[in-house]
Amino acid sequence: MGKQTIEDLDLPTLEGRVVLVRADFNAPLDEQGRVADDTRLTSTLPTLEVLISAGARVVVLSHLGRPGGRVEPALSLAPVAEQLSSLMNATVEFCRETVGREADEARSNLEAGEVLLLENTRFHPEETANDPQWAARLAEGAYVFVNDAFGTAHRAHASTEGVARAIRSRGGVAVAGLLMALELRFLSDALADPQRPFVVVLGGAKISGKIDVIDALLPRVDRLIIGGAMANTFLMALGLEVGDSLVEKDRVAVAREVLEKGGDKVLLPVDVVVATDIKETSVTCTVPRESVRPDDRIGDIGSESSALFSQELASAETVLWNGPMGVFEMPPFARGTLEVARSAAAAADAGKMVILCGGDTAAAAESAGVAARLTHISTGGGAALELLAGGELPGVVALNDRTEVS
Ligand code: ADP
Ligand code: MG
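Residues numbered from 1 in each chain as written. Chains lettered and ligands numbered in written order. Predicted model: local features only at pLDDT ≥ 70, side-chain atom pairs only at ≥ 80, totals over all residues. Heavy atoms only, no water.

### A short note on the sheet that holds strand S3 (residues 92-95)
Strand order in the open sheet formed by 6 strands is S3-S4-S2-S1-S5-S6, with parallel pairing between adjacent strands. Two strands close off the open sheet at either side, each with one partner strand: S3 and strand S6 (173-176). On average, adjacent strands in this sheet sit at an angle of 25 degrees to one another, irrespective of strand direction. Alignment of strand S1 (residues 18-22) against strand S2 (residues 57-61), held across 5 bridges, turns out to be parallel. (Pairing = 2+ DSSP bridges. Helix = DSSP H or I, 4+ residues; strand = E, 2+ residues; numbered from the N terminus. Axes fitted to C-alpha atoms, helices over the stretch in contact; angles between N-to-C directions.)

Take a look at the structure:
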């Protein structure tokens with residue numbers, strides 16, 4: 001990776017010094033306001049542990065939800081601090097301010113090896129506006145900034161990009177945390193020159209959010225497999241009936257272009273699971289893709305398709321998968337996604353590199369019980385897609401380059 005990471009820091013020099021960490025603790029909360037899924041917390045623990053062991057005074061920033069620049073008590077990070085404390089078996093101090101007198105005081109009271117979480121950065125309009133003065137205020141007292149918030153790295157916000165600039169402008173250093181470095185290693189470095197065959201599986205709800213990814217990857221892949229509702233638009237581009245399925249009519253031309261450019265590389269479902277309604281209790285049948293009727297809705301890929309896709313995965317050296325093959329949340333339409341998940345895991349078991357991204361795809365891997373067997377599951381949805389589309393992440397660009405001596 002071209003950027004400095006926490007591993008490039010001279011750790012003993014951090015003892016007793018404030019280190020500012022941007023984490024992505026944007027975790028889902030349950031009805032009682034507790035953290036419902038702590039994946040985002042646990043994935044940043046390795047970074048926090050390195051800093052704690054070095055005796056740093058660790059100040060953590062994060063956003064939660066979309067409070068739109070106003071204080072919204074239901075989106076306080078307090079429950080995150082609580083959950084983090086129990087995960088780390090140590091008290092994580094929490095301050096109900098992001099910047100201000102209380103935050104300053106909490107920071108100066110922090111002892112070596114202690115962690116302080118500041119309140120939701122998005123309670124302030126300056127965060128998303130990337131206000132430089134406010135970023136400088138966030139950065140106060142810190143000479144080291146560690147960005148571990150991969151999931152937010154595609155946003156140039158005050159707590160991601162602004163603080164890095166503020167700290168560097170006064171001689172400090174901004175580096176990637178361990179999670180950030182891991183994500184970049186798999187989603188950027190590993191895929192830049194993948195072992196071949198390189199097979200990409202795309203699915204999910206829409207083409208529109210992912211067309212840049214298709215464009216960027218198509219010339220580089222050996223196979224592009226398309227499933228999910230996204231495939232419906234491609235089937236329509238082939239002139240096939242898709243009935244009442246979820247489809248993006250305004251993207252049919254785009255799909256046709258992909259098919260023309262991709263030729264044999266592009267693999268679409270050959271059969272589909274249809275029902276008159278997409279619901280938990282739907283009665284389904286599997287039909288060849290040519291036999292969809294006007295009142296059908298396509299909810300999954302058929303068994304011939306999943307067998308075909310699985311075969312491709314079995315002969316791949318590198319697999320990248322984003323987007324479920326069907327409405328996997330509902331049992332009648334889950335089979336295609338689960339089967340692809342199992343084939344992906346089998347490829348990983350055989351030593352192949354298998355990388356997943358996307359929140360729903362990760363959830364599908366969990367429900368298939370194969371998550372732990374895969375090479376890497378990205379914690380970043382939008383950021384991962386941005387990287388795969390060949391874009392640069394502002395939160396990463398702002399970090400010190402490897403070649404810079406600090
Ligand atoms: P990810 O979060 O992994 O990037 P997306 O958000 O793009 O994935 O898409 C996931 C959603 O796509 C799921 O909620 C799933 O139900 C939906 N989906 C997949 N196939 C279909 C389909 N045939 N019809 C309707 N929705 C679908
Ligand atoms: Mg999603």
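### Some details on the site of ligand 1
Residues in close proximity to ligand 1 total 18 residues, the closest being Lys 210, Asn 322, Glu 329, Asp 360 and Thr 361. Take Ala 229: an N or O atom from its main chain is 3.1 Å from a nitrogen atom of ligand 1. Between ligand 1 and the protein, one listed contact pairs an oxygen atom with a side-chain N or O atom of Thr 361 at 2.4 Å. Calculation on ligand 1 without its partners gives an accessible area of 580 Å², and the protein chains cover 81% of this total. When each cavity is represented as a set of grid points, ligand 1 is found to reside in the second largest pocket. Looking at the shell around ligand 1, the elements that each hand over two or more residues are helix H10 (228-237), strand S12 (297-301) and helix H14 (359-367). (Near = heavy atom within 4 Å. Polar contact = N/O pair within 3.5 Å; in protein donor to acceptor, adjacent residues only side chain to side chain. Areas by Shrake-Rupley, 256 points an atom, 1.4 Å probe, with all protein chains shown as cover. 1 Å grid on protein atoms, 1.4 Å probe; cavity = no way out; pocket = protein on both sides within 12 Å on 5 of 7 lines; lining within 4 Å. Sits in = over half its atoms within 2 Å of the grid points.)

### Examining the pattern of salt bridges
Tallied over the full model, the rule gives 18 salt bridges. Two residues, Asp 104 and Arg 107, come together in a salt bridge whose shortest N-O distance is 2.6 Å. Linking Asp 104 with Arg 107, this pair stays in helix H4 (residues 101-109), spanning 3 residues, or about one helical turn. Under the relative-accessibility criterion, Arg 107 is labelled buried at 9%. One salt bridge in this structure joins Arg 165 and Glu 161, with 2.8 Å as the shortest N-O distance. Of this pair, Arg 165 and Glu 161 are both found in helix H7 (residues 158-169), 4 residues apart, which corresponds to roughly one turn of the helix. The exposure class of Glu 161 is buried, given its relative accessible area of 14%. (Salt bridge = Lys/Arg side-chain N within 4 Å of Asp/Glu carboxyl O. Buried < 20%, exposed > 50% of the residue type's maximum accessible area, 1.4 Å probe, protein only.)

### A few points about H7
Taking 1.5 Å as the rise per residue, H7 with 12 residues should run 16 Å; its terminal C-alpha atoms sit only 14 Å apart, a clear shortfall. Most of H7 sits out of view: 9 of its 12 residues are buried. Listed in full, the buried residues belonging to H7 are Ala 158, Ser 159, Thr 160, Glu 161, Gly 162, Val 163, Ala 164, Ala 166 and Ile 167. Remark: Gly 171 follows H7 within two positions and exhibits a positive phi of approximately 90 degrees. (Expected span 1.5 Å × (residues − 1).)

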